[in-house]
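A closer look at the structure
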Amino acid sequence: MQSKDVTIETNELSKVFGGRACVDRLNLKVQAGELYALLGENGAGKTTTINMLTTLLKPTSGSFRICGFDAMKDPEQAKRLFGIVSQDVAIYQELTAYENLKFIADLHGIAKAEANTRIMDLLAKAGLSERLNDRAGEFSGGMQRKLSIAGALLHTPRVLFMDEPTVGLDPASRRQIWASLMDLKKMGVTILLTTHYLEEAELLADRIGIISQGKLSQEGTIDQLRRKVRGIRGIAIRLNKRLGKAELESVLQEIATLSGSKPVYDHVRNTINITQPPDAELVGVLRKLLNWLDANAISFSRLATSEANLEEVFLAIAREEESNSQ
Ligand SMILES: Nc1ncnc2c1ncn2[C@@H]1O[C@H](COP(=O)(O)OP(=O)(O)OP(=O)(O)O)[C@@H](O)[C@H]1O
Ligand SMILES: [Mg+2]
């Protein structure tokens, strides 16, 4: 039995294409009201997962529940609960914005007066009120995307699946969509989205799952993911001058001794990177480093302590996985 706080739950969900498991025994739990971002490289299995959860694609094995319903046993009931914004915008180019939404309202059997109110409200929220009688085919990519999001929200779903909702949009349109996602979250809508934009996940997601070859390889809040990656918090020292090979070797050796961590030299940036020590030791290590650099007349243009952004965490996780699998 599913806990009532879990809105999306998959149980060993799998899809095999041509003998290859593209989604491989996936166990995913998304809590009520949560925004969960699924990340992963091209071909990792994100769209396949969403297509199964939205009953567009039949799983090879495993099961899932949406708001407690077995969506495969009762797809019609499940469809009332969720909305979909797919990777390819699905709107009718020949119909106007209004007609597109009216068509969807009819599919859901929404009564005429109520449909009209909802359509006008959603078009206003999407900033499309003035274009309601224009053909959707004439809209820009961003406007089409906003129209398809409005369509997904017509029947006031409790759950929203979005496959790369902001792909190909300019920064301003992307921000508008982020703002509307934040509003939906405030209204308690549970959202599962996929994205390649790490800043989007970082900004919006309560939790992030990283899917790799159909398996959930990492999961957590952004802070939890950051902590998982060893050495991701760092100290960077950008040198003013290029050092000769022997001199660089001896500087790296000395920095290793002073900091207690193995430095990594970034040739492109002429920067020495070391793992940041625990907070209690940080100031002491920085002092020792500065004194030594000073005493040896090694000048630097920048010394920074950093916290990794999600991009660095993501790349570090991918590197770790690659080295584990070799
Ligand atoms: N209909 C299909 N027939 C055969 N293979 C498929 C089919 N649909 C997807 N696949 C395969 O499943 C794997 C996962 O594809 P999927 O589209 O789910 O990836 P994705 O994570 O959404 O990637 P992207 O970030 O590029 O959108 C890929 O190897 C893909 O080739
Ligand atoms: Mg995809």
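Along every chain, residues carry numbers that run from 1 in the direction the sequence is written. Here every chain gets a letter starting at A, and every ligand a number starting at 1, in the order they are written. Given that the model is predicted, a residue must reach a pLDDT of at least 70 before its local features are reported, and side-chain atom pairs must reach 80 or more before they are shown or counted; all residues, however, enter totals for whole chains, interfaces and linings. No hydrogens and no water enter the side-chain calculation; it runs on all heavy atoms of the structure.

1. Some words on the overall build of the chain
Our working definition: Every helix listed is a DSSP run of H or I at least four residues long, and every strand listed is a run of E at least two residues long, numbered separately from the N terminus. Only protein chains enter the area calculation, which uses a 1.4 Å probe; residues under 20% of their type maximum are buried, those over 50% are exposed, and those in between are partly exposed. For this analysis, residues touch if any pair of their heavy atoms sits within 4.5 Å. Residue-level accessible areas treat just the shown protein chains as cover; the underlying method is Shrake-Rupley with a 1.4 Å probe. For this count, His and the chain ends are skipped, Lys and Arg are scored as positive, and Asp and Glu as negative. Throughout, a charge is located at the NZ atom of Lys, the CZ atom of Arg, the CG atom of Asp or the CD atom of Glu.
Along its length, the chain carries 11 helices and 15 strands. In terms of principal-axis extent, the alpha carbons of the chain reach across some 80 × 45 × 35 Å. When each of the 326 residues of the chain is scored for burial, the buried share is 46%. If you take every contact in the chain between residues at least 6 apart in sequence, the share linking residues at least 24 apart comes to 68%. As presented, the chain carries roughly 17200 Å² of accessible surface, and 50% of it is formed by carbon and sulfur atoms. In the chain, the 41 positive side-chain charges and the 41 negative ones have mean positions that sit 2 Å from each other.

2. With respect to the site of ligand 1
Rule in force here: We define proximity as follows: a residue is near a molecule or strand when any one of its heavy atoms falls within 4 Å of that partner. Polar contacts, as counted here, are pairs of nitrogen or oxygen atoms within 3.5 Å of one another; within protein the pair requires one atom able to donate a hydrogen and one able to accept it, and residues that are adjacent in sequence qualify only if both atoms are side-chain atoms.
The environment of ligand 1 is formed by 14 residues, the closest being G43, K46, T47, T48 and H196. G45 is positioned such that a nitrogen or oxygen atom in its backbone is 2.9 Å from an oxygen atom of ligand 1. Here an oxygen atom of ligand 1 sits 2.7 Å away from a polar atom, N or O, in the side chain of K46. Surface burial for ligand 1 is 62%, taken as the share of its 640 Å² of free accessible area covered by protein chains. Mapped by element, the contributors of at least two residues to the shell around ligand 1 are β2 (20-26) and α1 (46-53). With three residues, the single largest contributor to the shell around ligand 1 is α1.

3. Some details on the domain arrangement of the chain
Put simply, the test is: Residue ranges for the domains originate in an automatic or database domain assignment.
Partitioning the chain into structural domains gives domain 1 (6-220) and domain 2 (234-307). Once you take the C-alpha centre of each, domain 1 and domain 2 turn out to be 46 Å apart.

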